[in-house]
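Fold and contact review
Here is how the chains run, residue by residue.
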Amino acid sequence: RLSNRMKLLNLIFASALASSDDVTCGSVLKLVNKAYTVRLHSHEVTYGSGSGQQSVTGFRGETDSNSYWWLKGTDCNRGDSVKCGSEIILTHINTMKNLHSHNFRAPLSKNQEVSAFGDDGAGDEMDIWVVTCPYQTWRRDGSVKLKHKGTQKYLSVSGQQYNRPISG
């Protein structure tokens, strides 16, 4: 894990030097759903039903470190602009598990469950998301949709909330 953390520090530094308005492969970012004003969030709490994998929620806090994700492209190098239509993997910074989906029902919405899966950034083919956007490249302040490659469903927020043990 330490070697991946060191790589991550290098990636954060490299991202800080970028002058482009494009999101780039290797970036560390927070994703915000503007309709609900929540950030894609995860932590070391597993679902009590469904897959039993690490939970993923929407969280309102702006400064929580559990909302940082490392963007890795399946076909781009660090620093390359992420093109619309690209396949990406998002790895949760604090737990190094990938944003994942599958055909389990979500505990609250009964839609498709989204979880965090894998070890040290390694997962499986169900960790791949396709960037959908109205531009040629993903812009830092631009809107995007993430479509799960394996199930063809979009990442979304239901508006329903947990209280405990999972906030959001």
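Preceding block: the structure.
Let me sum up the structure you'll find in this document. This structure is a prediction, so every number in the text was calculated from the model and none was measured.

1. Details of the pairing of strand S3 (residues 38–46)
Relative to S3, strand S2 (residues 32–33) runs antiparallel, the two being bridged by 2 bridges. Residue pairing in the sheet places Val32 in a bridge with Arg39 of S3. Direction of pairing for S3 relative to strand S4 (residues 54–59): antiparallel, over a ladder of 5 bridges. Bridging across to S4, Thr46 finds its partner in Gln54.

2. Description of the pairing of strand S9 (residues 129–132)
A one-sided burial pattern is seen for S9, the buried positions being Trp129 and Val131 and the unburied ones Val130 and Thr132. In this sheet, S9 lies alongside strand S6 (residues 87–92) in antiparallel orientation, the contact comprising 2 bridges. Bridge assignment links Glu87 to a residue of S9, and that residue is Val130. Where S9 and strand S10 (residues 145–148) come together, 4 bridges link them in antiparallel fashion.

3. Considering the nonpolar core
Formed by 20 residues in total, the largest nonpolar core has its most connected members in Leu71, Ile88, Leu90 and Trp138. Of all the elements in the fold, those that place two or more residues in this core are strand S5 (69–73), S6, strand S8 (112–117) and S9. When neighbours within four sequence positions are excluded, Ile88 is seen to be in contact with Leu71, Lys72, Gly73, Val82, Asp127, Ile128, Trp129, Val131, Trp138 and Leu146.

4. With respect to the state of the cysteines
Between two cysteines, a covalent bond joining their sulfur atoms is known as a disulfide. Within this structure, the stated rule accounts for 2 disulfides. What pairs with Cys25 in a disulfide is Cys76, and their sulfur atoms sit 1.6 Å apart. Measuring the twist about the S-S bond at about -85 degrees, one finds the Cys25-Cys76 disulfide to be left-handed. With Cys25 in the loop between helix H1 (2–17) and strand S1 (28–29) and Cys76 in the loop between S5 and S6, this residue pair connects regions lying 51 residues apart in the sequence. For Cys25, a relative accessible area of 3% translates into the label buried. The disulfide that involves Cys84 links it to Cys133, with 1.6 Å between the sulfurs.

Each value, and the rule that gives it
- Each chain has its residues counted from 1, following the order in which its sequence is written.
- Selection of residues for local features in this predicted model requires a pLDDT of at least 70, selection of side-chain atom pairs for listing and counting requires 80 or more, and totals for whole chains, interfaces and linings are taken over all residues.
- Just so you know, side-chain values use all the structure's heavy atoms and leave hydrogens and water out.
- The pairing criterion is simple: DSSP has to find at least two bridges between the two strands.
- Runs of E in the DSSP output that reach at least two residues are strands. Runs of H or I that reach at least four are helices, and both are numbered from the N terminus.
- Relative accessible area decides the class of each residue, using a 1.4 Å probe on protein chains only: under 20% of the type maximum gives buried, over 50% gives exposed, and in between gives partly exposed.
- We call a set of buried Ala, Val, Leu, Ile, Met, Phe, Trp, Tyr and Cys residues a nonpolar core when their side-chain atoms join them within 4.5 Å.
- Two residues qualify as a contact provided that any one of their heavy atoms is within 4.5 Å of a heavy atom in the partner residue.
- In plain terms, two cysteine sulfur atoms within 2.5 Å form what is called a disulfide here.

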